[in-house]
Amino acid sequence: MADLFDNPMGLDGFEFIEFAAKEKGILEPVLDILGFTHVANHRSKDVTLWRQGGINFVVNYEKKHPSAYYAEEHGPSACGMGFRVKDAPKAYARALELGAQPVDVPTGPMQLRLPAIRGIGGAILYLIDRYEEGASIYDIDFEFIDGVDRHPEGCGFEIIDHLTHNVYRGRMAYWADYYEKLFNFREIRYFDIKGEYTGLTSKAMTAPDGKIRIPLNEEAGSNGQIEEFLMAYNGEGIQHIAFSCDDLLGCWDRLKARGMRFMTPPPETYYEMLEERLPGHGEPVDELKKRGILMDGSTEAGDPRLLLQIFSENLVGPIFFEFIQRKKDEGFGEGNFKALFESMERDQIRRGVLKTEEEA
Ligand SMILES: [Fe+2]
């Protein structure tokens, strides 16, 4: 994919997400139901690599490591992420020059030194330039487990589509500026989402490579879902991790078979309203409804641009996962917030809980 705009760090997608917890046995069952396979172990550290499709998850149990301090503060968490860059030492030097804080990642003898800077909420942002198959950081520092496929298909997810972060009220501009200044991200979408009682503001930051997308959420009222997350997580951080695939119905079936717990499905009225919301969408509504999959996008001028999406329950502390299939829509499902709200109202009207103006 050609760069969308000037790419001073040579960004090229997400390389990995790093997880940490104080005790073992909490993260592993979650990775398993998500479809990940434990494929390799670090040669000398208490660190494992889990994979599905092109997605790498690193689980770090090293003591006296930035990830351990992070887990001490946040519990089971996504303590870091790796961005692919063209030249890591150069990108690191540039980041520090622009005011980024260095993170001292302990390195053993004969191990790669991974340059890292402080990210949102103190999380670790690694800059990785070795990601070519055969010469990657895993090929050098990890040992692959015998007899285990190095690239398991899992449930069928191929890439990390976006990582949505929750930040404290009033902090969105600061973090948007961080990504703009260091990596030349741009704000692609901005929206306010209002429920009946609470609301949130979201700013979707996109990297120049078009592959790294970081929506930032901020509470718009008080006591809403962002506030609740910040309290539960003890700080700012990744709210949800979205994977994309080309066949969400099939992926959903595989997740279900592994025991995935999805969010509460929308009321039936949501599916009844799909045709009026997205006329001529051409998707199998019964199949979507059976699984609780949501749909967003547009169908203007007979050109359906759709996004299929579904969310898990909270699985790593308050962090949840999102599973999506993009059919030309580049949004994040903004239309679903309104649609879900309206379908719940319509359901309330049908049950007689809510009176319409004519009836009142
Ligand atoms: Fe999302």
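Basis of the calculations
- Residues numbered from 1 in each chain as written.
- Predicted model: local features only at pLDDT ≥ 70, side-chain atom pairs only at ≥ 80, totals over all residues.
- Heavy atoms only, no water.
- UniProt positions renumbered as here; feature names shortened; annotations may be inferred.
- Helix = DSSP H or I, 4+ residues; strand = E, 2+ residues; numbered from the N terminus.
- Expected span 1.5 Å × (residues − 1).
- Buried < 20%, exposed > 50% of the residue type's maximum accessible area, 1.4 Å probe, protein only.
- Contact = heavy atoms within 4.5 Å.
- Polar contact = N/O pair within 3.5 Å; in protein donor to acceptor, adjacent residues only side chain to side chain.
- Phe/Tyr/Trp six-rings, centres within 6.5 Å; stacked < 30°, edge-to-face > 60°.
- Pairing = 2+ DSSP bridges.
- Axes fitted to C-alpha atoms, helices over the stretch in contact; angles between N-to-C directions.

1. Topic: the UniProt feature "domain: VOC" (unreviewed entry) in the protein chain
Listed under "domain: VOC" (unreviewed entry) in the UniProt record, and renumbered for this structure, are residues 10-130 and 159-313. Across residues 10-130, helical content stands at 21% and strand content at 34%; the span's end C-alpha atoms are separated by 13 Å.

2. Let's talk about helix α11 (residues 334-350)
With 17 residues, α11 extends 25 Å from end C-alpha to end C-alpha; this agrees with the ideal 24 Å at 1.5 Å per step. Of all the positions in α11, only Glu334, Asn336, Ala339, Leu340 and Ser343 are classed as buried. Where α11 is buried, its residues contact β10 (186-194), α8 (268-272), α9 (274-277), β14 (294-298) and β15 (305-316). Note on α11: the residue one or two positions beyond its end, Gly352, has a positive phi of about 80 degrees.

3. Brief notes about the UniProt feature "binding site: Fe cation" (unreviewed entry) in the protein chain
With numbering matched to this structure, UniProt assigns "binding site: Fe cation" (unreviewed entry) to His162, His240 and Glu322. Sequence-wise these annotated residues cover 161 residues; spatially they are packed, their C-alpha atoms never more than 9.3 Å apart. Assignment of secondary structure puts His162 in strand β9 (residues 159-167). Residue His162 is classed as buried on the basis of its relative accessible area of 1%. A distance of 3.4 Å separates a polar atom in the side chain of His162 from a polar atom in the side chain of His240. Structurally, His240 can be placed in strand β13 (residues 237-244). A relative accessible area of 8% places His240 in the buried class.

4. Some details on the side chain of Glu334
Looking at the element boundaries, Glu334 is found in helix α11. At a separation of 2.7 Å, a polar atom in the side chain of Glu334 contacts the main-chain amide nitrogen of Phe332. Non-local contacts of Glu334, meaning those with residues more than four positions away in its chain, are made with Arg189, Phe191 and Asp296.

5. Some words on the packing of aromatic side chains
By the definition in use, this model includes 26 aromatic pairs. Both rings, one in Phe229 and one in Tyr233, keep their centres 5.0 Å apart while their planes meet at 35 degrees; by these two values the pair is tilted. Of this pair, Phe229 and Tyr233 both sit in helix α6 (residues 225-233), separated by four residues, roughly a single helical turn. Take Phe229: its relative accessible area is 5%, and that puts it in the buried class. The class for Tyr233 is buried, based on a relative accessible area of 0%.

6. Focus on the sheet that holds strand β7 (residues 124-128)
In space, the eight strands of this open sheet follow the order β6-β7-β5-β1-β4-β3-β2-β8, with mixed pairing throughout. Where the open sheet ends on each side, the last strands, each with one partner, are β6 (116-118) and β8 (142-144). Direction aside, the axes of adjacent strands within the sheet are offset by 30 degrees on average. Where strand β1 (residues 14-20) and strand β4 (residues 55-60) come together, four bridges link them in parallel fashion. In the strand pairing of β4, Glu18 is matched with Val58.

7. Let's talk about the environment of Arg326
Within the secondary structure layout, Arg326 lies in strand β16 (residues 319-327). You can call Arg326 buried: its relative accessible area is 19%. Expressed as a C-alpha distance, the spacing of Arg326 and Glu158, which sit 168 residues apart in the sequence, is 12 Å. Arg326 has contacts with Asp161, His162, Arg213, Cys245, Leu306, Leu307, Gly331 and Phe332, leaving out every residue within four places of it along the chain. At a separation of 2.6 Å, a polar atom in the side chain of Arg326 contacts the side chain of Asp161. A polar contact is formed between the side chain of Arg326 and the backbone oxygen of Asp329, at a distance of 3.0 Å.

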